[in-house]
Protein chains: 2
Amino acid sequence: MTAPESSAPRLRGRPRSPATDAAIIEAALRLLEEGASVGGLSIEGIAREAGVGKATVYRRWPDKNALLLDVLRSLEEPGPEPSGVSVRDDLVAILEFMRRRGLAKRNSALLRNVITQMHAHLELWRAYDETVIEARRTALRAVLRRGQETGEIRTDVDLELLADLFTGPMLSRAILHEWKELPEGLAERIVDAVLHGVAPAPRADAPG
Amino acid sequence: MTAPESSAPRLRGRPRSPATDAAIIEAALRLLEEGASVGGLSIEGIAREAGVGKATVYRRWPDKNALLLDVLRSLEEPGPEPSGVSVRDDLVAILEFMRRRGLAKRNSALLRNVITQMHAHLELWRAYDETVIEARRTALRAVLRRGQETGEIRTDVDLELLADLFTGPMLSRAILHEWKELPEGLAERIVDAVLHGVAPAPRADAPG
């Protein structure tokens, strides 16, 4: 777990120490791991746990939500690099990454606690979505656009909807229905079903 | 808003009065509407708000979660009746119902507060999913099975995955990304894309 670059602008004073940043983020993670609620966390409590003064925290983050956003970032793993060869395989890799994140969340009380609580804090969830998740969505859109250029994907479905068609079924299982299975091969099955449709293929010798 | 049939078994004593059931559920709704958190609600507080004794509540529901489940049920609307004619149109009607529920949630502080908080209480969410939502999923599965029988839907994709392919994209927008649009026509676009796939259709005159 590494301390991410903070999103907060430097406010004033001495240069920030990355070790202090990391200590503060790890203190917040420790509190969450021990079952603290997102609503119950305070800058004061985090500072105490980290063994620093409140001012030291506020010098780095303007408020609790900005700090929590960096806490969330510290839990991320880099997404897959698209191979650039087959659009289908790149889509499978992206969904497979989502599947593995879903499994990791199920196996980690910390991840589950943090992510589930974030959903209840709309502003924080939106900020997380618009930074961390948006980076992954940008990568996904690039793959989809490439597919439209190579002719692997139709051009008459808009990119946002395309993205939802591929990711929605995986998100539904991984986030909304945590008790459902996330079996191996699910990413391939979703990608192939969305690419080729679930209606029977028209017969090649059909008229018209 | 009507009081639903309670899921709790009758425990003992005089016949239950539906008016009292409704008053208790409406008291819980009022507290939630005023911003009470699901975690902060107590049987005692709900009884006080309803002007009844705690024992009156416990005679109806064994615990807070059972009561909250009935509170959630009271916010439901009946799903669409399948026409039984076109599987495609029945799927559109189901997704259109989800789209409208998503819009209703966005326009209601109460619905948003309740549903968002439920997500943070996994056991309650699961109970809700396994009763209320399961009824809708059963209806969806019946339509999908009919489609497999009529040849409108392939039989080599399992029903659970089929259900996720159709509902996942709508759920992703309606629940996980509340700030995204839910435009008119979205249900049709999702259903047609999932039915026919987003890869270009094979040319009818292609060999093989």
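Keep in mind it's a predicted model, so treat the numbers as computed, not measured. (Residues numbered from 1 in each chain as written. Chains lettered and ligands numbered in written order. Predicted model: local features only at pLDDT ≥ 70, side-chain atom pairs only at ≥ 80, totals over all residues. Heavy atoms only, no water.)

Colleague: Could you clarify how one ought to interpret the overall build of chain A in this entry?
Modeller: Assigned secondary structure in chain A consists of nine helices and zero strands. When the helices and strands of chain A are read in sequence order from the N terminus, they spell out α-α-α-α-α-α-α-α-α. In chain A, which comprises 208 residues, the share counted as buried stands at 50%. In chain A, once contacts between residues fewer than 6 apart in sequence are set aside, the share between residues at least 24 apart is 65%. As displayed, chain A has an accessible area near 9900 Å², and 53% of this comes from carbon and sulfur atoms. (Helix = DSSP H or I, 4+ residues; strand = E, 2+ residues; numbered from the N terminus. Buried < 20%, exposed > 50% of the residue type's maximum accessible area, 1.4 Å probe, protein only. Contact = heavy atoms within 4.5 Å. Areas by Shrake-Rupley, 256 points an atom, 1.4 Å probe, with all protein chains shown as cover.)

Colleague: Is there a simple way to think about the environment of B:Asp90 in this case?
Modeller: All names here are of chain B. For Asp 90, the location among the structural elements is in helix 5 (residues 87-107). Measuring from C-alpha to C-alpha, the distance between Asp 90 and Val 143 comes to 7.1 Å, with 53 residues separating the pair along the chain. Asp 90 has contacts with Pro 82, Ser 83, Gly 84, Val 85, Val 143 and Arg 146, leaving out every residue within four places of it along the chain.

Colleague: Is there a simple way to think about helix 8 (residues 159-176) of chain B in this case?
Modeller: Think of an α-helix as turning once every 3.6 residues; residues three or four places apart then point the same way. Helix geometry: helix 8 of chain B is bent most strongly at B:Thr167, by close to 45 degrees, with proline B:Pro169 lying one to four residues after it. Most of helix 8 of chain B is tucked away, with 16 of its 18 residues classed as buried. (Bend = angle between axes of the 7 residues up to and from the residue.)

Colleague: Can you walk me through the interface of chain B and chain A in this structure?
Modeller: How big an interface is tends to be stated in terms of accessible area lost as the parts join. Contacts between the two partners involve 47 residues from chain B, matched on the other side by 47 residues from chain A. Broken down residue by residue, the surface that chain B buries against chain A is led by B:Leu176, B:Trp179 and B:Val198, which jointly contribute 18%. Our count for the contact surface shared by chain B and chain A stands at six salt bridges. We note a salt bridge from A:Asp164 to B:Arg173, for which the minimum N-O separation is 2.5 Å. Applying the counting rule to chain B against chain A returns 14 residue pairs in polar contact (both at pLDDT 80 or more). (Buried area = accessible area lost by both parts, 1.4 Å probe. Salt bridge = Lys/Arg side-chain N within 4 Å of Asp/Glu carboxyl O. Polar contact = N/O pair within 3.5 Å; in protein donor to acceptor, adjacent residues only side chain to side chain.)

Colleague: When you look at the packing of helix 1 (residues 18-33) of chain A against helix 2 (residues 43-50) of chain A in this model, what are you seeing that I'm missing?
Modeller: Helix packing geometry: the angle between the two helix axes and the distance between the axes. Residues and elements named next belong to chain A. Put simply, helix 1 and helix 2 touch, their axes get as near as 8 Å, and they point 110 degrees apart. In terms of their interaxial angle, helix 1 and helix 2 are classed as roughly perpendicular. Counted together, Ala 23, Ile 24, Ala 27, Ala 28, Arg 30 and Leu 31 of helix 1 and Gly 45, Ile 46, Glu 49 and Ala 50 of helix 2 form the full contact between these two elements. (Axes fitted to C-alpha atoms, helices over the stretch in contact; angles between N-to-C directions. Parallel < 35°, antiparallel > 145°, perpendicular 65-115°, else oblique.)

Colleague: Looking at this structure, how should I read the environment of A:Phe166?
Modeller: The topology assignment puts A:Phe166 in helix 8 (residues 159-176). Judged by its relative accessible area of 0%, A:Phe166 falls in the buried class. Placed 27 residues apart in sequence, A:Phe166 and A:Ala193 show a C-alpha to C-alpha distance of 9.3 Å. When residues no more than four places from it in sequence are discounted, the contact partners of A:Phe166 are A:Leu91, A:Leu95, A:Leu144, A:Ile190, A:Val191, A:Val194, A:Leu195 and B:Val198.

Colleague: Quick question: what am I supposed to make of the pattern of salt bridges here?
Modeller: Residues and elements named next belong to chain A. For the structure on display, the rule yields 40 salt bridges over all chains. Residue Glu 76 pairs with Arg 101 through a salt bridge whose shortest N-O separation is 3.5 Å. A residue pair is termed long-range when its members are at least 10 positions apart, and Glu 76 in the loop between helix 4 (64-74) and helix 5 (87-107) and Arg 101 in helix 5 qualify at 25 residues. Each member of the pair, Glu 76 as well as Arg 101, carries the same accessibility label: buried. Two residues, Asp 156 and Arg 154, come together in a salt bridge whose shortest N-O distance is 3.0 Å. A relative accessible area of 23% places Arg 154 in the partly exposed class.

Colleague: Would you mind going over the relation of the copies chain B and chain A with me for this structure?
Modeller: Put simply, the second copy of the chain is the first one after a rotation about an axis and a shift along it. Between chain B and chain A, the superposition needs a rotation of 180 degrees and an axial shift of 0.0 Å, giving an RMSD of 0.0 Å. Overall, the copies show the geometry of a two-fold rotation axis. Rotation axis and chain B: the residue whose C-alpha lies nearest the axis is B:Gly197, separated from it by 1.7 Å. A shared interface surface links the copies, since 100% of the contact residues of chain B are contact residues in chain A too. (Least-squares fit on C-alpha atoms with pLDDT ≥ 70 in both.)

Colleague: Got a minute to help me understand the packing of aromatic side chains in this structure?
Modeller: Each aromatic ring pair is summarised here by two numbers: the centre-to-centre distance and the angle between the ring planes. Residues and elements named next belong to chain A. If you walk through the whole model with that rule in mind, you get two aromatic pairs over all chains. On the basis of an interplanar angle of 40 degrees and a centroid distance of 5.6 Å, the ring pair of Trp 125 and Tyr 128 is categorised as tilted. Here Trp 125 pairs with Tyr 128, and both are found in helix 7 (residues 122-150), just three residues apart, close to one helical turn. Tyr 128 shares its class with Trp 125; the two are buried. (Phe/Tyr/Trp six-rings, centres within 6.5 Å; stacked < 30°, edge-to-face > 60°.)

Colleague: Can you walk me through the UniProt feature "DNA-binding region" (unreviewed entry) in chain A in this structure?
Modeller: Here the UniProt feature "DNA-binding region" (unreviewed entry) sits at residues 42-61 of chain A. Between the end C-alpha atoms of residues 42-61 of chain A the distance is 13 Å, and the span holds 75% helix and 0% strand. (UniProt positions renumbered as here; feature names shortened; annotations may be inferred.)

Colleague: Got a minute to help me understand the side chain of A:Arg137 in this structure?
Modeller: The residue A:Arg137 is located in helix 7 in this model. A distance of 3.0 Å separates a polar atom in the side chain of A:Arg137 from a polar atom in the side chain of A:Glu134. Sequence-distant contacts of A:Arg137, that is, excluding residues within four places in its chain, are made with A:Asp129, B:His177 and B:Lys180.

Colleague: I would appreciate a short explanation of the environment of A:Ala50 in the present structure.
Modeller: Residue and element names in this part refer to chain A. As for its placement among the helices and strands, Ala 50 is situated in helix 2. Spatially, the C-alpha atoms of Ala 50 and Thr 20 are 8.6 Å apart, while their sequence positions differ by 30 residues. The residues contacting Ala 50, other than those within four sequence positions of it, are Ala 23, Ile 24 and Ala 27.

Colleague: Which parts of the structure should I look at to understand the packing of helix 6 (residues 109-119) of chain B against helix 7 (residues 122-150) of chain B?
Modeller: Residues and elements named next belong to chain B. One way to put it is that helix 6 packs onto helix 7 with a least axis distance of 6 Å and a crossing angle of 110 degrees. The angle between the axes of helix 6 and helix 7 places the two elements in the roughly perpendicular class. Contacts between helix 6 and helix 7 involve Ile 115, Met 118 and His 119 from the first element and Leu 122, Leu 124 and Trp 125 from the second. Residue classes in the contact of helix 6 with helix 7 are distributed as five nonpolar, one polar and no charged. (Nonpolar A, V, L, I, M, F, W, Y, C, P; charged D, E, K, R; others polar.)

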